[in-house]
Amino acid sequence: MTITIEENAAIRRPHRAPPSPTKDGPRINEEIRASAVQLIDDKGTNHGNTPIEQALAIAADAGMDLVEIAPNSEPPVAKLMDYGRFRFQAQKKAAEARKKQKTVEIKEIKMRPNIDIHDYEVKMKAVRRFFDEGDKVKVTLRFRGREMAHQELGMKLLDRVKEETLPIAKVESEPRLEGRQMTMVLAPR
């Protein structure tokens, strides 16, 4: 009686080192790879070409970091500064920029071709408010039943909206018929 042993031949991949973590932001102190840098001190004085060892010694004596601010120039430009404070200021500036940006939304106003005068005025008041907030407005005109036979009424109504909003808005997409709806998009000036 013979016993055969089957070997499971697992496929082995060669060992690869994990990718080195990429550092965001400028290189500082010992991370700077150039042999000489153009040194600028914390007061903004340019010291010209300086060997990296001497620049690091000056930074250590001043109790500051040597930060590479223009790595692509020849030689790279490095500045003496408090790196922690520099990063904090950059984060504050980015947060302020995020706070000030506004996303433009498209608000929709729905009407019917035979809308009453008061209802029309209420809708136009809402349109003006949307433009004041910096949003775009999509005016949708819905046709029901036999109203499809009188599309010229819908076109007249959209032209009236266009004329009334001319000083504060521009037409982004002209009125067009899609099935039983006529739409037009207006953007604030």
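Up top is the structure these notes are about.
Quick caveat, the model's predicted, so the values are computed rather than measured.

Chemist: Residues and numbers for a positive patch on the surface, please.
Modeler: Residues K110, R142, R144 and R180 make up a contiguous surface patch of positive charge. Its location among the elements puts R144 in the loop between β6 (136–142) and α4 (151–164). The class of R144 is exposed, set by a relative accessible area of 53%.

Chemist: Please provide a residue-by-residue account of the sheet that holds β6, values included.
Modeler: Pairing in this open sheet of four strands is mixed, and the strands run β5-β6-β8-β7 from one edge to the other. Each edge of the open sheet carries a strand with a single partner, namely β5 (106–111) and β7 (169–178). The sheet shows a mean angle of 20 degrees between the axes of neighbouring strands, taken without regard to direction. For β6 and strand β8 (residues 181–188), the ladder comprises six bridges, and the chain directions are antiparallel. Within β8, the residue paired with V137 across the bridge is L186. Each of β5, β6, β7 and β8 touches helix α3 (residues 117–132); the most contacted strand, β5, lies at about 175 degrees to it. Sheet contacts for α4: β5, β6, β7 and β8; angle to β8, the most-contacted strand, approximately 5 degrees.

Chemist: Just give me the short version of the sheet that holds strand β2 (residues 46–51), but keep the residues and values in it.
Modeler: The sheet built from four strands is open, its strands ordered β2-β1-β4-β3 with mixed pairing. The open sheet has two edge strands, β2 and β3 (65–70), and neither has a second partner. Across this sheet, the average inter-strand angle for adjacent strands is 35 degrees, counted without regard to direction. Pairing of strand β1 (residues 36–40) with β2, which is carried by five bridges, proceeds in the antiparallel orientation. Opposite I40, over in β2, you have N46 as the bridge partner.

Chemist: Go over the pattern of salt bridges, please, and point to the residues and values.
Modeler: All chains considered together, the criterion is met by 11 salt bridges. In this structure, R128 engages E164 in a salt bridge whose closest nitrogen and oxygen atoms are separated by 3.5 Å. Residue R128 is found in helix α3, and its partner E164 is found in helix α4; the two are separated by 36 residues along the sequence. The partly exposed category is assigned to R128, whose relative accessible area is 34%. Of the charged contacts, one joins K162 and D159 as a salt bridge, the two residues approaching to 3.7 Å between their closest N and O atoms.

Analysis parameters
- Counting restarts for each chain: residues are numbered from 1 in the order of the written sequence.
- Side-chain atom pairs in this predicted model are given and counted only at pLDDT of 80 or more, local residue features only at pLDDT of at least 70, and totals for whole chains, interfaces and linings cover all residues.
- As a rule here, side-chain values cover all heavy atoms of the structure and leave hydrogens and water aside.
- Distance thresholds for patches are 9 Å for like charges and 5 Å for nonpolar side chains (Val, Leu, Ile, Met, Phe, Trp, Tyr), applied to residues having over 30% relative accessible area and no salt bridge.
- Using a 1.4 Å probe, accessible areas were evaluated by the Shrake-Rupley method; residue-level cover was limited to the displayed protein chains.
- A side-chain nitrogen of Lys or Arg and a carboxyl oxygen of Asp or Glu constitute a salt bridge if their distance falls within 4 Å.
- Positive charges come from Lys and Arg, negative ones from Asp and Glu, while His and the chain ends are left out of the count.
- Lys charges are placed at NZ, Arg charges at CZ, Asp charges at CG and Glu charges at CD.
- Under the scheme used here, helices are H or I runs from DSSP no shorter than 4 residues and strands are E runs no shorter than 2 residues, and both carry numbers assigned from the N terminus.
- Here's how the labels work: a residue is buried when its accessible area is under 20% of the maximum for its type, exposed when over 50%, partly exposed in between, all with a 1.4 Å probe on protein chains only.
- When DSSP finds two or more bridges between two strands, those strands count as paired.
- Think of each axis as a best-fit line through the C-alpha atoms, taken over the contacting stretch in the case of a helix, with angles from 0 to 180 degrees between the N-to-C directions.
- In this description, contact between two residues means that some pair of their heavy atoms is separated by no more than 4.5 Å.

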